[in-house]
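Examination of the molecular architecture
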Amino acid sequence: MKYVKLMILLLPVLLVIPACKSAPKASEETPAESLTAETQPARPDQASLSALDQSIADLERLRQFAIDIEGPSWFPDQWDTAEAQYNEAKTKTQRDTPEQVKAATAANNTAAASFQSLIDQSLPLYAQVREDQIVSVREDAIAAGIGDLAPAYLLMADKTVLDAQTKYEEKDYYGAIASAFQAVDMYEILEDGCNAYYVRQEIEDRDFIRYDPDNFDRADVAGLSAIADYEAADLESAKEKAEEAHLRYNLALAAGWQSYAAEKGASSADKRQEALKLKANVAVRNDFEAASRIFAQGDSAFKVEDYPAAANFFADAESRFITIRGIAEQKRQAAENAIRKADEKMVESEANAEKAEAILGGGSL
């Protein structure tokens, strides 16, 4: 009982002691939690991050377009300024706080504005260069004769130019550039096709197919395929095949000229020998020497592989030797006739002399 009374007396004290021990702990945690809440940095919201990503994409797009339209060449100082701003913006990679995101976005927008200004100045100049190029290659195609040979194909290229113009006015600049280059390719293909056609015509007109039929036939195949590819807008293939056709026609023509020149050279040499047999070098000396000089020019041209010139020289010399041979033949015939007549007169004179002697000697008629 004594202990029970003691416990009852001490109970209030025992109850106060735990309370005193827990109270300071609560007072220690409250300031720490409050401090943490106050010092925690703010995070950027999703809208700011999305705006930053968009500013990066816009900057890269504008910078690339400035390069594509040759802005650095048109305005190098402006390009250097924009490029320095671009490099500065690229250093702002942190995006942990709203301030960092805001600073990075502002740097991107500043550089983008500089590139946009460069584009605004460069684009008209670049467009003019493309227009001048189109006009030039179109004039070349027309000068080659495409307007007469294949006006429908010329119209196809012209429509592509109009498409480029429409896209440019609609600010579809990449589409306009693509159409402009496509038109250039089309006009160049048409010019090459015309040139190939005229070489083919020369081969036929000169009857040169027989000298290189393989290249001629393969050129025909390539040319027809190039036309089909052009109609199907497969311009890369059409260009390659048009160039192949032109090349092979030229090879066939060159082989024709070489063979033809060799034939004319041999024929001219034969005619010269025939003239020599008739002593044309004596009978018509000046003409023979002139023809021989032309023959020598043909020989020199052949040795340096100028076969068209060689063929022309040989043909000229051959014609002259034929004429000289005819003259020499006429002179020879005239000389033989003169000798024959002289012989006849001599025989007649001898007969008359004998008759005269007989009369003088007292004979009868």
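Together, Asp-234, Glu-236, Glu-240 and Glu-243 line one region of the surface with negative charge. With respect to the element layout, Glu-243 can be found in helix α10 (residues 235–277).

With that settled, the discussion passes to the pattern of salt bridges. This structure, assessed with the given rule, holds 21 salt bridges. Between Asp-158 and Arg-138 there is a salt bridge whose closest N-O contact spans 2.8 Å. Placement of Asp-158 in helix α7 (residues 151–169) and of Arg-138 in helix α5 (residues 98–144) is noted, with a sequence separation of 20 residues between them. Residue classification places Asp-158 among the buried positions, given a relative accessible area of 17%. The shortest N-O distance in the salt bridge between Glu-202 and Arg-206 comes to 3.1 Å. Residues participating in the shared-partner salt-bridge network are Arg-200, Glu-204 and Asp-220.

For the rest of this paragraph, the subject is unusual backbone geometry. Phi at Lys-171 is positive, roughly 65 degrees, even though this residue is not glycine. By the element assignment, Lys-171 lies in the loop between α7 and α8 (173–205). For Lys-171, a relative accessible area of 60% translates into the label exposed. Positioned with a positive phi, Asp-207 is a non-glycine residue whose angle comes to about 60 degrees. Take Asp-207: it is sitting in the loop between α8 and α9 (213–231). By relative accessible area, Asp-207 is classed as partly exposed at 46%.

Interhelical geometry of helix α2 (residues 46–68) versus helix α4 (residues 76–91) gives an angle of 150 degrees and a closest axis separation of 12 Å. It follows from the interaxial angle that α2 and α4 lie roughly antiparallel. As for how α2 packs across α4, the hand of that crossing is left-handed. Counting all contacts with α2, which are made through Leu-59, Glu-60, Arg-63, Ala-66 and Ile-67, the residues of α4 involved are Trp-79, Glu-83, Tyr-86, Ala-89 and Lys-90. Of the residues in the contact of α2 with α4, the class split is 6 nonpolar, no polar and 4 charged.

Conventions adopted
- Residues numbered from 1 in each chain as written.
- Predicted model: local features only at pLDDT ≥ 70, side-chain atom pairs only at ≥ 80, totals over all residues.
- Heavy atoms only, no water.
- Patch = residues over 30% accessible without salt bridge, like charges linked within 9 Å, V, L, I, M, F, W, Y side chains within 5 Å.
- Areas by Shrake-Rupley, 256 points an atom, 1.4 Å probe, with all protein chains shown as cover.
- Salt bridge = Lys/Arg side-chain N within 4 Å of Asp/Glu carboxyl O.
- Lys, Arg positive; Asp, Glu negative; His and termini not counted.
- Charge placed at Lys NZ, Arg CZ, Asp CG, Glu CD.
- Helix = DSSP H or I, 4+ residues; strand = E, 2+ residues; numbered from the N terminus.
- Buried < 20%, exposed > 50% of the residue type's maximum accessible area, 1.4 Å probe, protein only.
- Axes fitted to C-alpha atoms, helices over the stretch in contact; angles between N-to-C directions.
- Parallel < 35°, antiparallel > 145°, perpendicular 65-115°, else oblique.
- Left-handed = near helix turned anticlockwise from the far one by under 90°.
- Contact = heavy atoms within 4.5 Å.
- Nonpolar A, V, L, I, M, F, W, Y, C, P; charged D, E, K, R; others polar.

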